[in-house]
Amino acid sequence: MRRKIYALLFVFVAFLAHSQTFSGAVGAVSDDGQANDFTATVSGLANPLSASYGLTQVCMTINHTYDSDLVVQLISPDGTLVNLFSGVGGSGDNFSNTCLNQAASTSINVGAAPFNAVFKPQESIGNFNNGNSSLGQWILRIYDVYAADAGTVLNWSVTFGPNAAAPFVFTSSNLPIVTINTAGQTIVDSPSIIANMGIIYNGVGALNSVTDVPNEYNGNVAIQYRGNYSQSLPQKPYAIELRDAANLELNVPLLGMPLEHNWCLISNYNDKVFMRNTLSYKLFTDMGHYATRSQYCEVVLNGSYQGIYMLMETIKRDNNRVNISRLDPTEIAGITVTGGYIIKNDYFDASNSWPLNYHPIDHPNFNVNLVYDYPKPSVIVPEQKTYIQTFVDQFETALYGANYADPLVGYERYIDVDSFIDYFIVNELSRNNDGFKKSSYFYKTKDTTTSLGKLYAGPVWDFDWAWKNIPECAIFAATDGSGWAHHINDCNPDVNSPGWYIRLLQDPNFQNRLRCRWAYFRSNSMSDAALNTFIDQTALYLDDAQARHFEKWGNLGISTGTPEVDADPASFEGQITKFKNWINLRLAWLDANIPGTTEGCALGVSFPSEQPRFRIYPNPVSNLLTVTATTGITQITLTDSLGKVIRSEQTVGEIWLYDTSQLSNGMYFIQIKGEDASTETHKVVVMH
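All values derive from a computational prediction rather than experimental measurement.

### Observations concerning the overall build of the protein chain
Next up, step 1: What the protein chain contains, in helices and strands, is 10 helices and 29 strands.
Next up, step 2: Rg of the C-alpha trace for the protein chain: 27 Å, near the compact-globule value of 26 Å for 688 residues, within the 12% margin.
Next up, step 3: With respect to the principal axes defined by its C-alpha atoms, the protein chain has extents near 95 × 65 × 55 Å.
Next up, step 4: For the protein chain, buried positions account for 56% of its 688 residues.

### With respect to the sheet that holds strand β3 (residues 35-42)
Next up, step 1: The strand order across the open sheet built from 4 strands is β3-β9-β5-β6, with neighbouring strands paired in antiparallel fashion. Either end of the sheet is taken by a strand with one partner, and the two such strands are β3 and β6 (81-86). Across the sheet, the mean angle separating the axes of adjacent strands is 20° when strand polarity is ignored.
Next up, step 2: Bridge count for strand β5 (residues 70-75) against strand β9 (residues 136-144) is 6 bridges, and the pairing is antiparallel. Considered in β9, the bridge of Leu-70 is made with Asp-144.

### A look at the sheet that holds strand β20 (residues 341-345)
Next up, step 1: Taken together, 5 strands build an open sheet; the order of strands is β21-β22-β20-β23-β24 and the sheet is antiparallel. Lying at the two open borders of the sheet, with one neighbouring strand each, are β21 (353-355) and β24 (455-457). Geometrically, the sheet is characterised by an average inter-axis angle of 30° between neighbouring strands, direction not taken into account.
Next up, step 2: Sheet topology note: the β20/strand β23 (residues 440-444) ladder contains 5 bridges and is antiparallel. Its bridge partner lying in β23, Ile-343 is registered against Phe-442.
Next up, step 3: The strands touched by helix α4 (residues 417-429) within the sheet are β23 and β24, with β24 carrying the most contacts at an inclination of about 20°.

### Structural notes on the packing of helix α2 (residues 276-286) against α4
Next up, step 1: Two numbers describe how α2 lies on α4: the axes approach to 10 Å, and their chain directions differ by 155°. Taken together, the axis directions place α2 and α4 in an arrangement best described as roughly antiparallel. As for how α2 packs across α4, the hand of that crossing is right-handed. Note on element contacts: α4 touches α2 through Asp-422, Tyr-423, Val-426 and Leu-429, opposite Ser-280, Leu-283 and Phe-284.
Next up, step 2: Here the residues of the contact of α2 with α4 sort into 5 nonpolar, 1 polar and 1 charged.

### Considering the pattern of salt bridges
Where charged atoms of side chains with opposite charge meet at close range, the side chains can pair.
Next up, step 1: Applying the stated criterion to the full structure yields 28 salt bridges.
Next up, step 2: For Lys-272, the salt bridge is made with Asp-568, and the minimal N-O distance between the two is 3.2 Å. Taken as a pair, Lys-272 in the loop between β17 (262-267) and α2 and Asp-568 in the loop between α9 (543-553) and α10 (572-593) lie far apart in primary sequence, 296 residues in all.
Next up, step 3: On the basis of relative accessibility, which here comes to 15%, the residue Asp-568 falls in the buried class.
Next up, step 4: Each of Glu-412, Asp-418, Asp-422, Arg-513 and Arg-517 takes part in a single network of salt bridges with overlapping partners.

### Some remarks on the layout of surface pockets
Next up, step 1: Quantified by volume, the second largest pocket comes out at close to 1700 Å³.
Next up, step 2: Lining the second largest pocket are 50 residues, and of these Lys-282, Phe-534, Asn-619, Lys-683 and Val-685 sit closest to its centre.
Next up, step 3: Elements represented by at least two residues in the lining of the second largest pocket include exactly α2, β18 (294-301), α8 (528-541), β25 (614-617), β28 (666-674) and β29 (679-686).
Next up, step 4: With 8 residues, α8 is the single largest residue contributor to the lining of the second largest pocket.
Next up, step 5: Its residues assigned to classes, the lining of the second largest pocket shows 23 nonpolar, 21 polar and 6 charged.

### A word on helix α7 (residues 508-522)
Next up, step 1: Between its first and last C-alpha atoms α7 spans 21 Å; for 15 residues at 1.5 Å apiece the expected length is 21 Å, and the two agree.
Next up, step 2: Taken together, the buried positions of α7 are occupied by Phe-510, Leu-514, Arg-515, Cys-516, Arg-517, Trp-518, Phe-521 and Arg-522.
Next up, step 3: Buried-residue contacts for α7 involve α2, α4, α6 (500-504), α8 and α10.

### Considering the side chain of Ser-76
Next up, step 1: Topologically, Ser-76 is positioned in the loop between β5 and β6.
Next up, step 2: For Ser-76, a relative accessible area of 6% gives the class buried.
Next up, step 3: Separated by 2.3 Å, the side chains of Ser-76 and Asp-78 make a polar contact.
Next up, step 4: Here Ser-76 is in contact with Phe-128, Gln-137 and Trp-138, once residues within four sequence places are set aside.

### Section: the nonpolar core
Proteins that are soluble and globular tend to have nonpolar side chains buried together.
Next up, step 1: Ranked by internal contacts, the top residues of the largest apolar core, which has 98 residues, are Trp-467 and Trp-500.
Next up, step 2: Residues within four places of Trp-467 in sequence aside, it is in contact with Arg-276, Leu-279, Ser-280, Leu-283, Leu-429, Ser-430, Phe-579, Trp-582 and Ile-583.
Next up, step 3: Ranked by size, the runner-up nonpolar core spans 33 residues in total, among them Val-29, Leu-49, Phe-128 and Trp-138.

### A word on the packing of α8 against α10
Next up, step 1: For the pair α8 and α10, the least separation of the axes is 11 Å and the interaxial angle reads 165°. Here α10 runs roughly antiparallel to α8, going by the angle between their axes. Every pair of crossing elements has a handedness; the one defined by α8 and α10 is right-handed. Between α8 and α10, the residues in contact are Asp-528, Leu-531, Asn-532, Ile-535, Asp-536 and Ala-539 and Phe-572, Ile-576, Phe-579, Lys-580, Ile-583 and Leu-587, respectively.
Next up, step 2: Of the residues belonging to the contact of α8 with α10, the class tally is 8 nonpolar, 1 polar and 3 charged.

### Notes on unusual backbone geometry
Phi is mostly negative for residues that are not glycine, and the peptide bonds are mostly trans.
Next up, step 1: Of note, the bond from Gly-339 into Gly-340 is cis; its omega dihedral lies within 30 degrees of zero at -5°.
Next up, step 2: Counting through the fold element by element, Gly-340 comes out in the loop between β19 (304-313) and β20.
Next up, step 3: Following Tyr-374, the chain continues into Pro-375 via a peptide bond in cis, with omega recorded as -10°.
Next up, step 4: Within the fold, Pro-375 resides in the loop between β22 (369-374) and α3 (382-399).
Next up, step 5: For Asn-94, which is not glycine, the phi dihedral falls at a positive 75°.
Next up, step 6: On the accessibility criterion, Asn-94 (26% relative accessible area) is partly exposed.
Next up, step 7: In this structure, Ala-183 takes a positive phi of about 55° despite not being glycine.

What counts and what doesn't
Residues numbered from 1 in each chain as written. Predicted model: local features only at pLDDT ≥ 70, side-chain atom pairs only at ≥ 80, totals over all residues. Heavy atoms only, no water. Helix = DSSP H or I, 4+ residues; strand = E, 2+ residues; numbered from the N terminus. Rg over C-alpha atoms; globule rule 2.2 N^0.38 Å. Buried < 20%, exposed > 50% of the residue type's maximum accessible area, 1.4 Å probe, protein only. Pairing = 2+ DSSP bridges. Axes fitted to C-alpha atoms, helices over the stretch in contact; angles between N-to-C directions. Contact = heavy atoms within 4.5 Å. Parallel < 35°, antiparallel > 145°, perpendicular 65-115°, else oblique. Left-handed = near helix turned anticlockwise from the far one by under 90°. Nonpolar A, V, L, I, M, F, W, Y, C, P; charged D, E, K, R; others polar. Salt bridge = Lys/Arg side-chain N within 4 Å of Asp/Glu carboxyl O. 1 Å grid on protein atoms, 1.4 Å probe; cavity = no way out; pocket = protein on both sides within 12 Å on 5 of 7 lines; lining within 4 Å. Points joined across faces, edges and corners; volume = space filled by probe spheres on them. Expected span 1.5 Å × (residues − 1). Polar contact = N/O pair within 3.5 Å; in protein donor to acceptor, adjacent residues only side chain to side chain. Core = buried A, V, L, I, M, F, W, Y, C linked by side-chain atoms within 4.5 Å.

Structural measurements only, silent on function.
Right, here's the structure in full:
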C-alpha cells in the first residue's frame with residue numbers, strides 16, 4: 001500500500017515537474033465595450049504544441065460586479081482565439097481563482113459566482129494544441145459589454161503540460177460552409193470592417209470540405225455584429241454586405257436565394273433545435289406572405305469553427321423581399337408620397353421614431369413610438385414623415401372610434417385584415433415574446449387613383465425567444481400551452497406594444513375571420529402531421545452538424561441564452577422531443593381558445609394582392625409537383641442545386657404541374673416570375 005502511495009506521488013510530482021505556468025499582466029477592465037488585452041510572455045517551451053504537451057489550464061482572478069457582463073477570450077501567438085466564457089454568473093460578483101481545464105467535469109456554464117474551482121470552458125482550449133508554436137505573446141482579452149460595472153484583473157496565468165486536450169478539427173459538412181477571414185481585424189458592433197467571405201457548396205448529397213475552393217461566393221464583404229441580446233451570447237450574429245473589388249455594393253444570389261447585397265448570419269446559441277426562426281418564416285410564407293429566406297450553413301471565422309448558422313435575407317424593400325414601391329426623397333406629394341413605407345415597433349430614440357397620439361387601449365398610461373425603417377431615418381424627408389405619421393394616426397382614430405367595426409369607415413379602410421390575422425396566428429402559435437413589442441414590422445403600399453393603399457402586418461421576424469417556456473412573465477412561463485402573447489403590455493415590457501390586437505379582437509367579424517383562417521391552416525400547413533414532418537426532416541438534415549455545434553459551444557443540457565422554465569435536455573433528440581411536445585400543447589390550447597366561429601367560412605383563404613402569391617406543394621415531393629398562383633405566372637424555371645436548368649416554361653397561367661418521378665432525391669430550386677415581373681425563388685425537396 002505504501003509503495004502504491006509513493007508511486008502516485010511520484011507520478012504527480014513528475015507531472016508538476018513537466019508543467020510550466022506563465023503569469024500575465026494585470027490591470028483595469030473598462031466598461032465601454034472595447035477590448036481589454038492583458039499579455040503573458042511564454043518562452044522556453046518545447047514546440048510545437050500538441051495533445052502530448054500543450055496548453056492544459058488557464059486561471060484568473062477578476063474583481064467585477066455583475067459577472068455576466070464579461071466576455072473572456074484567450075488568444076495564442078499564432079492568432080488562435082478561444083472563447084473561455086461569456087454571459088455566465090448572472091448578477092453575481094467576481095471570478096476568484098477561477099481555472100479553465102478541458103478535463104474538468106463541470107462546465108463553467110453551470111457554475112456560480114465567484115467560480116472558485118476548476119471548470120470546463122465554453123470552447124475547448126485543446127484548439128490551441130494545433131501544432132503551432134507556443135512562444136511569444138498570449139493575450140487574455142476581456143470585453144465588458146454593458147456600462148456601469150468596471151473591474152480589475154488581479155492575476156491570470158496559462159499552464160502547459162503533458163496529456164493536454166486535442167484540438168477540434170472541422171473538415172467537412174453536408175451543409176454549405178461559409179468561411180470568413182478578417183485579416184487580423186476585430187469584428188465589432190459598428191462600424192463594419194472589410195473581410196473576405198467564401199461559400200462552399202457542392203450540391204445536395206455531396207460533402208463540402210473546408211479545403212474546397214469557394215464556388216458559391218468568394219469576395220469582399222463588410223461585416224459587423226448585429227442584434228441586441230443575441231450579440232451578448234458567445235456565438236455572435238453578423239450583418240453582412242457583399243462588396244466588389246472597388247468596395248461598392250455587389251448584388252449576388254446566394255444558395256438559391258434571389259440576388260441582393262444585404263445578408264445576415266443568424267447564430268443559434270439561443271436555439272438548440274435550430275428551427276425556431278425557420279419554422280416561423282416557413283409558416284408565414286405558406287400563408288401567402290413574404291418571409292425571409294434562409295439556408296443552414298456552418299461557419300469558420302479566421303480558421304476557427306463557429307457552429308451552425310442561418311445565412312438569411314434581411315428585411316428590406318426589394319422586388320424579391322418586401323415588394324413595395326421604391327420611395328425616393330423627391331416623392332413628397334400626391335400619390336407618390338403614399339407608399340411604400342416599412343415601419344416597426346422596436347427600440348427607438350428621438351432621431352429614428354415618432355410618438356403615437358394614442359395610447360394602448362389596455363394600458364392607457366403607456367407611450368408608444370414607431371420606428372422608420374424604410375426610408376431609413378437618415379434618408380426619409382419631412383413630407384414623408386408627415387404622411388406616414390398621419391396615416392397611422394388616421395388608422396388609430398378609426399380603430400378606437402365608435403364605428404371601428406364598420407368596413408367602410410372603420411379600421412378595415414386602413415389595414416389588410418388577413419395579413420394582420422396571419423401575423424397574429426404565427427406569433428401566437430409560437431407565443432413569441434417579441435412579436436408584439438419589438439422586431440414587429442409593418443409596411444404601407446402605395447395608393448392608386450381608385451383605392452387607398454393598406455398597412456400590412458409583417459414580415460414576421462425574430463423567434464429565438466419563442467416556442468418555449470420562459471420566466472419572463474406569467475404569460476410566457478405557463479407550461480400547459482396557455483397565455484396570449486399579444487397581452488405583452490401586462491408584462492411591463494422594455495418596449496411598449498401599441499396593443500392594436502386588443503381592440504381588433506373586440507370585433508366579432510375579426511374574430512370569425514381569425515377562426516376561419518386558423519381552421520384552414522390547421523388543416524394543412526399547421527396540421528400536426530405537417531409540423532412534425534418539417535421538424536423531423538430538418539432535424540435529420542442537421543444531425544451531423546449539430547454534434548459539432550454542441551461540441552464547439554458546450555451548452556447542450558445547460559440552461560444558457562434565454563432562461564427557460566423547463567429542464568434543458570442533454571441530447572439533440574431530447575431537444576427535438578421537447579420542442580414537439582411544446583407545440584402540441586400550444587396547438588391544443590389555441591384550438592380551444594381562438595375566438596370566433598367557423599360557421600359560414602369560405603373555402604380556402606385569400607392572399608394579399610400587392611404581389612404574386614404562389615403555393616408549391618407537396619414539398620417534399622415524390623411524383624407530382626404543383627405550383628398555383630393567385631395571379632398569372634409568366635415564367636417558371638426548375639434547376640438543380642448546381643444551377644443546371646431542368647425545365648423552363650413561359651406564359652404558364654395560374655397552375656403548373658411537373659412530374660418529378662424521374663428526378664433524383666435531393667434539393668432543387670424553382671424560380672417563378674409573376675405578371676408584374678417580380679420573382680420568387682423556393683426550395684423544393686424531391687424524396688421518393
